[in-house]
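What follows is the residue order along each chain.
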Amino acid sequence: MIKKIFSSNPLIMLIFSAVVLTAPIWLDPIGANYPDLLQKFAIFGIFAIGYNILFGLTGYLSFGHATFLGVGSYTAVWAFKLLSMNIVPAIILAIIVSGVFALIIGFLSLRRSGIYFSILTLAFAQMAYSLAYSVLTPITNGETGLQLSLKDPRVLDSMAGIIPQEGLPSTNLFGYLMKSYEGYFGFYFAAVILIIAFYVSLKIFRSPYGLKLRAIKSNQTRMKYTGFNTRPYLLSAFVISGMYAGLAGALLASIDPLAGAERMQWTASGEVVLMTILGGAGTLIGPLLGTTIIKYLENIFSALNPSELHNMFDFMPEPLQNFMVTIVSPFVGEGWHLTLGAMFMIIVIFLPGGVMQGLSHLSSFMKRLFGSKKDTTPDSVNDAAPTTSKGGH
Amino acid sequence: MSYILDIDGVNKTFGGLHALSDVNLKIEEGETHAIIGPNGAGKSTLLNCCIGRLIPDTGTVTFNGKNMIGMPPYDINHAGMVRVFQTPEIFPDLTLLQNVMIPALAKRDGTFKFNPFKSLAKEKSIIKEAHATLADFELDKFHNQLAGSISRGDKRRLELAMGLIQHPDLLLLDEPTAGMARHDTNRTIDLLNSDRMKTMTKVIIEHDMHVVFSLADRISVLARGHIIATGRPEDIKNDPKVKEAYLGESEDE
């Protein structure tokens, strides 16, 4: 019964859309219902879903995907400056330009596999970061970051007769401001894009093309002797995931029209790897789960400070309270990455398939508990093999 | 007489080792040709030179009238020459059904086809053919299992199925029964002698003489990189040079 639901695309999309669009309601009790965070869930979710098409399906671990996120943001801001404050041209251009970047970087990096591929992508990402930070200052505005200014031409807007009011104009979708409805318009727009992005990913996962990508991950040598030229398969997957990253970057810029080099830093590239692995690489929904978990915890942990910790441990006797605060405080606030690192280690050691593996363990445990003897083997045509993350394959 | 595969004057050295010296071998259409020889005679090197894993130093490999030297492995596959490996080369993380669907898709889609929006579940004819092929190899009952989880003998049969679903003009088999128990070996011999495979042109590398004499129409003996004899099984059995190569009684040493 459950198996049937998961093999029907329309049903999956219906459930997925319902869950995403009602996020403000069901995230309310855990204090995650405000537009800024919801937008982050959706946008980084798109980033991770795209990354998963490369890493989850082919096993090629790119350490430079933030490059495309940054390229997408810069392109979008330039589109706002030169063309129009409408986000549609910005998003389309960002996808195209990041796709071109992915084509070039992918073409060069995919001459190698395994760890060498990872290092190459990292090297390209660092190059892109340095270029954005210093060398290409006229284009990227270096350290300050690229921003809108009053002197921007905005050709399309002025042709359409949209005259900016006082101050800087805001990003909009055919007149609807992204910031309207207290920011919820921005979230719902990102959510709709997320649903489309998820649908494309679902189609790819369940296509012959997706099966071939999984086969490349499983045994690339065999693929070549089976009659497949694996290079174009890998390159197309790389470009698709780069375009997803560019889309995510454009959405970030659509909500807050500025782009800085730090968006391309290696930590940003590492973050999407963490999100994907934490949720479960190679699974459809895993990367999105990983994104939500990481962004939610980041939001909570990075906001904590010692005085709040004292409040939290208020119920304890004074010396114990001080002791607890001393222990915990390095893990919160600025030190939240320590928590993230520890969490990541625990997941990789005990659940190499990520949260999704944990869930499948849980469901088979429940089944055993209630004595149902339904087979849990995957649907032989469609389903991804359970992913045991093989590191830098 | 038409030859499907013509290996002509192939030399291959690794450093100082002459792995293949001036090997000439012609495979006739429809025959099952066994290549035997002691360990290190160059049998696997010869196969690797045919399928593009190695490039010979000199000489030509002509298949169906086309020169194969320097062609990438996937183009050689599409030319109709398919190899089954000695250590089973399968897709361990995919189900058996998917393992067999992949080569069927290769046959249909060519070396590259970008069809991300096509539904895999709607590839009815490919799925049907995959099930039928698995059934021929008595593997269909496992079609839902991951290929990495089945026994070694089943893995080798699976790889045979993967080769067969492509309907190759020439199937190269590298020790198809190595490491198999006797009854598994006999099952494989029966499969290779079955109606579906009997008439297919095959080159078999094999150690097991029982297998060789059960299957081969002709036999070539490779020793220290040279083909020392080619002929019908009964001639090879009685060839003094072959006995010498196998027993190691060489007079000039």
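Residues numbered from 1 in each chain as written. Chains lettered and ligands numbered in written order. Predicted model: local features only at pLDDT ≥ 70, side-chain atom pairs only at ≥ 80, totals over all residues.

Engineer: Could you give an account of the overall build of chain A, with specific residues and numbers?
Structural biologist: Counting its secondary structure elements, chain A contains 19 helices and 4 strands. Relative to the compact-globule value of 21 Å for 393 residues, chain A shows a C-alpha radius of gyration of 22 Å, a close match. Across the 393 residues that make up chain A, the buried fraction comes to 46%. At a minimum sequence separation of 6, the contacts of chain A that also span at least 24 residues come to 77%. (Helix = DSSP H or I, 4+ residues; strand = E, 2+ residues; numbered from the N terminus. Rg over C-alpha atoms; globule rule 2.2 N^0.38 Å. Buried ≥ 20, exposed ≤ 12 C-beta atoms within 10 Å, placed from the backbone. Contact = placed C-beta atoms within 7 Å.)

Engineer: Break down the overall build of chain B for me, citing the residues and quoting the values.
Structural biologist: Assigned secondary structure in chain B consists of 10 helices and 10 strands. Whereas a compact globule of 253 residues would reach a radius of gyration of roughly 18 Å, chain B reaches 19 Å, a difference of no more than 12%. Overall size of chain B, expressed as C-alpha extent along the three principal axes, is 65 × 40 × 35 Å. Residues classed as buried in chain B amount to 44% of the 253 residues present. Summarising the internal contacts of chain B: among those between residues at least 6 apart in sequence, 67% fall at separations of at least 24.

Engineer: So what's going on with the interface of chain B and chain A? Which residues, and what values?
Structural biologist: Taken together, the contact between chain B and chain A spans 36 residues of the former and 31 residues of the latter. Top contributing element to the side of chain B that touches chain A by residue count: helix H3 (residues 96-109) of chain B, with 7 residues. Here the residues of the side of chain B that touches chain A sort into 21 nonpolar, 10 polar and 5 charged. (Nonpolar A, V, L, I, M, F, W, Y, C, P; charged D, E, K, R; others polar.)

Engineer: Outline the sheet that holds strand E2 (residues 17-28) of chain B, supporting the account with residue identities and numerical values.
Structural biologist: All names here are of chain B. In space, the 4 strands of this open sheet follow the order E2-E1-E4-E5, with antiparallel pairing throughout. Where the open sheet ends on each side, the last strands, each with one partner, are E2 and strand E5 (66-67). In this structure, strand E1 (residues 3-14) lies alongside E2, joined through 8 bridges in antiparallel fashion. Note that in E2 the partner of Ile7 across the bridge is Leu25. Along the sheet face, helix H1 (residues 43-51) touches E1, E2 and strand E4 (58-63) and points at about 65° away from the line of E2. (Pairing = 2+ DSSP bridges. Axes fitted to C-alpha atoms, helices over the stretch in contact; angles between N-to-C directions.)

Engineer: How would you summarise the environment of Leu235(A) if you had to cite specific residues and measurements?
Structural biologist: Checked against the element boundaries, Leu235(A) lands in helix H13 (residues 230-255). Measuring from C-alpha to C-alpha, the distance between Leu235(A) and Leu108(A) comes to 9.7 Å, with 127 residues separating the pair along the chain.

Engineer: I'd love a proper account of the sheet that holds strand E3 (residues 32-36) of chain B, names of residues and values included.
Structural biologist: Residues and elements named next belong to chain B. With mixed pairing, the 6 strands of this open sheet are ordered in space as E6-E7-E8-E3-E9-E10. Edge positions in the open sheet fall to strand E6 (81-84) and strand E10 (226-231), since each of these has one partner strand only. Mean inter-strand twist for the sheet, computed between neighbouring axes without regard to direction, equals 20°. Of the strands in this sheet, E3, E6, strand E7 (170-174), strand E8 (201-205) and strand E9 (218-223) are in contact with H1, which crosses E7 at around 145°.

Engineer: Talk me through the domain arrangement of chain B; I want residue IDs and the actual numbers.
Structural biologist: Residue and element names in this part refer to chain B. Here chain B is described as being made up of domain 1 (1-71 + 170-175 + 201-253) and domain 2 (81-167). Domain 1 and domain 2 are separated by 28 Å when their C-alpha centres are compared. Between domain 1 and domain 2, the contact holds 10 residues from the first and 7 residues from the second. Secondary structure elements with two or more residues in the side of domain 1 that touches domain 2: H1 and E7. Per element, the largest residue contribution to the side of domain 1 that touches domain 2 is 5 residues, and it comes from E7. Residue classes in the side of domain 1 that touches domain 2 are distributed as 8 nonpolar, no polar and 2 charged. (Domains from an automatic or database assignment.)

Engineer: Please set out the confidence of the model for chain B residue by residue, giving values where relevant.
Structural biologist: Residue and element names in this part refer to chain B. The predicted model of chain B averages 88 in pLDDT, with 97% of residues at 70 or higher. Looking at the elements of chain B, mean pLDDT is at its lowest for helix H10 (residues 240-247), recorded as 76, and at its highest for H3, recorded as 95. Reported confidence for the predicted complex is 0.90 by ipTM and 0.90 by pTM. (pLDDT = per-residue confidence, 0-100.)

Engineer: Explain unusual backbone geometry residue by residue, including any values.
Structural biologist: Outside of glycine, negative phi angles account for most residues, and trans bonds account for most peptide bonds. Positive phi values are uncommon outside glycine, yet Arg154(A) reaches one of about 50°. When you line up the elements, Arg154(A) lands in the loop between strand E1 (146-147) and helix H9 (155-159). Judged by local crowding, Arg154(A) falls into the buried class, with 20 C-beta atoms found within 10 Å. Its identity as a non-glycine residue notwithstanding, Asp22(B) has a phi of 50°, on the positive side. Since 14 C-beta atoms lie within 10 Å of it, Asp22(B) is described here as partly exposed.

Engineer: Would you mind going over the pairing of E1(B) in detail, with residue names and values included?
Structural biologist: Residue and element names in this part refer to chain B. Counted between consecutive antiparallel strands, the loop separating E1 from E2 contains 2 residues, among which Gly15 sits at a positive phi close to 60°. Of the pairings in the sheet, the one linking E1 to E4 comprises 5 bridges and is antiparallel in character. Following the sheet pairing, Leu5 is matched in E4 by Phe63.

Engineer: Go over the pairing of E6(B), please, and point to the residues and values.
Structural biologist: On a regular strand, one side chain projects to one face of the sheet and the next to the other, so that they alternate. Residue and element names in this part refer to chain B. Burial of the side chains of E6 extends over both faces: Met81 and Arg83 are buried on one face and Val82 and Val84 on the other. Here E6 pairs with E7 via 4 bridges, running parallel. Counterpart to Arg83 in the pairing with E7 is Leu172.

Engineer: Can you lay out the nonpolar core for me, pointing to particular residues and giving the numbers?
Structural biologist: Residues and elements named next belong to chain A. Membership of the largest hydrophobic core comes to 173 residues, with the highest contact counts inside it found for Ile46, Phe47 and Ala248. A per-element tally of this core places H13 first, with 16 residues. Once you skip the residues sitting within four places of it in the chain, Phe47 turns out to touch Leu69, Tyr244, Ala245, Ala248 and Val272. (Core = buried A, V, L, I, M, F, W, Y, C linked by C-beta atoms within 7 Å.)

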